[in-house]
Amino acid sequence: MINFEEEFSERASKMKRSEIRELLKLIQKPDIISFAGGLPNPKAFPVEETRKIINDLLDEKGEKVLQYGSTEGIGPLRKELAKMMQGRDMDVDQENILITHGSQQALDLLSKVMLDPDDTIIVGSPTYLGATGAFRAFEANMETVPVHKDGMDMEMLRRKLGKLKNKGKLPKFIYVVLTFQNPSGATMSAEKREELLEIASEYDLLVVEDSPYSHLRYEGEEKPHLISMDDEDRVLRLETFSKILAPGFRIAWTTGPTDLIEKMCIAKQATDLCTNPFGQYVAYKYIAEGIMDNHIEDIKELYNKKRLTMLEAMEEHFPEGVEWNRPNGGMFIWAELPEHINTRELFDKAVDEKVAYVVGDAFFVDDGGYNTMRINFTHSSEEEIKRGIKALGKVIQEEIETMDVEEESPISP
Ligand code: PMP
Ligand code: G9A
């Protein structure tokens, strides 16, 4: 029998299972209220509209939608996406849009074309773990910069880059989720966005702005998109249909510097030839027939109610000593427990009480976040949110009490 552990490439031996993907298997039991996966609510899927679109597509152009497509993506969809982005103040050319199988694939292709083993990149602490999984698979050396309530710490970024420059290890890129970050819900201010671009310009760096949540704003003013502020062609922007149509189609798009997009397209040829043309045509009609704009409004209404219900339930049931943010959009609330509480140790107790979250430290590539958790508010019903948050509040309260008793008890000689 082949001993594969000895045969695998060094690259493969560094790959780690995704904590979220594994968790999804674990908590699929119907009696568990899951605040874990960043899943859209099934009620937000436009089933009837999709059914009609699919029937029309098969009637009108079955021979096209079932055929292979070009690697860049189908022209009509790229054209609609360019129009949509232009309408949001982003000066993009359809020729510069690459359609991928989810933004996850864009992260993989980006890594494939940019990273040699041990190349440095900058990520937030915390940051999206699907991205760090992709970067790790290409053996990146990930340097971290703290992310606060208003996004990445610019002072710390400057300091980090100064140190890396002295060591001759300047990063290949900075990876950021600026709007309703996964996992922390943090959004970066317009001023800090300016500063980020200034710093990137000073060190001549690419900035990768992963932006799956910017359409899902429930409160407050939209912040300028990095790509609209960039006049040096140093921003790669990733967007996806996963949160505004359905993740099952696996359709996303990326745009940025022409040379980079072209290289990612070549890498994609060797990866999967082209993105699922059928799904692309569905996405195209979804925009072109004007369904998307109304549908996004419906999703926002649905998710905002859930967000408010969750925040209210947290106020009522979370014990003193727990802090959390109030995100204006997206899908996640980030909670910080007293320092001596480890949310990884708490997890099994929560599952015993039929409620699950994602352990915060999964989003840190360095040490940190042991007392944090990510709580998704979009997937559960309002009734489940109320019940789940009450149960989670009780689990946390009991843990705080147990830890307090342990601290007070005398140490044996
Ligand atoms: N980036 C971020 C920040 C995400 O939150 C997600 C989805 N959870 C992705 C990328 C991947 O999205 P997609 O479904 O388009 O692959
Ligand atoms: O892996 C998935 O199913 C996508 C969700 C990502 C997340 O929970 O952040």
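For the structure itself, look to the data block above.
Residues numbered from 1 in each chain as written. Chains lettered and ligands numbered in written order. Predicted model: local features only at pLDDT ≥ 70, side-chain atom pairs only at ≥ 80, totals over all residues. Heavy atoms only, no water.

Description of helix α8 (residues 154-166)
Thinking step 1. Here α8 contains 13 residues, and its C-alpha end-to-end distance of 18 Å stays within 8% of the 18 Å for a straight helix at 1.5 Å per residue.
Thinking step 2. Along α8, the positions that sit buried rather than exposed are Met154, Leu157, Leu161 and Leu164. End-on, the buried residues of α8 take up no more than an arc of 80°, which puts them together on one face. Turned more than 90 degrees away from the buried face of α8 sit Arg159, Lys163 and Asn166, all of them exposed.
Thinking step 3. If you follow the buried residues of α8, they end up packed against β3 (120-125), β4 (141-148), β5 (151-152), β6 (173-176) and α9 (190-202). (Helix = DSSP H or I, 4+ residues; strand = E, 2+ residues; numbered from the N terminus. Expected span 1.5 Å × (residues − 1). Buried < 20%, exposed > 50% of the residue type's maximum accessible area, 1.4 Å probe, protein only. Arc of directions from axis to C-beta. Contact = heavy atoms within 4.5 Å.)

Examining the site of ligand 2
Thinking step 1. Contacts to ligand 2 come from Ile20, Arg21, Leu24, Gly37, Gly38, Tyr128, Asn182 and Arg374.
Thinking step 2. Within the side chain of Arg21, an N or O atom sits 2.5 Å from an oxygen atom of ligand 2.
Thinking step 3. Here an oxygen atom of ligand 2 sits 2.8 Å away from a polar atom, N or O, in the side chain of Asn182.
Thinking step 4. Considering ligand 2 on its own, with 280 Å² of exposed area, one finds that the protein chains cover 84% of that surface.
Thinking step 5. Among the elements that make up the shell around ligand 2, the one with the highest residue count is helix α3 (residues 19-26) (three residues).
Thinking step 6. Residue composition of the shell around ligand 2, by class: three nonpolar, three polar and two charged. (Near = heavy atom within 4 Å. Polar contact = N/O pair within 3.5 Å; in protein donor to acceptor, adjacent residues only side chain to side chain. Areas by Shrake-Rupley, 256 points an atom, 1.4 Å probe, with all protein chains shown as cover. Nonpolar A, V, L, I, M, F, W, Y, C, P; charged D, E, K, R; others polar.)

A few points about a negative patch on the surface
Thinking step 1. Taken together, the side chains of Glu72, Asp91, Asp93, Glu95, Asp233, Asp259 and Glu262 present a region of like negative charge at the surface.
Thinking step 2. On the secondary structure map, Asp233 appears in the loop between α10 (226-229) and β8 (235-240).
Thinking step 3. Judged by relative accessible area, which is 48%, Asp233 ranks as partly exposed. (Patch = residues over 30% accessible without salt bridge, like charges linked within 9 Å, V, L, I, M, F, W, Y side chains within 5 Å. Salt bridge = Lys/Arg side-chain N within 4 Å of Asp/Glu carboxyl O. Lys, Arg positive; Asp, Glu negative; His and termini not counted. Charge placed at Lys NZ, Arg CZ, Asp CG, Glu CD.)

Looking at unusual backbone geometry
Thinking step 1. Put simply, Ser125 and Pro126 share a cis peptide bond, and its omega is 10°.
Thinking step 2. Structurally, Pro126 is set in the loop between β3 and α7 (129-137).
Thinking step 3. For the bond running from Asn182 to Pro183, omega is 20°, close enough to zero to count as cis.
Thinking step 4. Tracing the chain through its elements places Pro183 in the loop between β6 and α9.
Thinking step 5. Phi angles above zero are rare outside glycine, and Arg250 is one such case at about 55°.
Thinking step 6. By the secondary structure assignment, Arg250 is in the loop between β8 and β9 (251-255).
Thinking step 7. The exposure class assigned to Arg250 is partly exposed, which follows from its relative accessible area of 34%.
Thinking step 8. Here the phi dihedral of Lys354 falls at roughly 70°; this positive angle occurs in a residue that is not glycine.
Thinking step 9. By the secondary structure assignment, Lys354 is in the loop between α14 (343-352) and β12 (355-356).
Thinking step 10. Residue class for Lys354 comes out partly exposed when judged on its relative accessible area of 38%.

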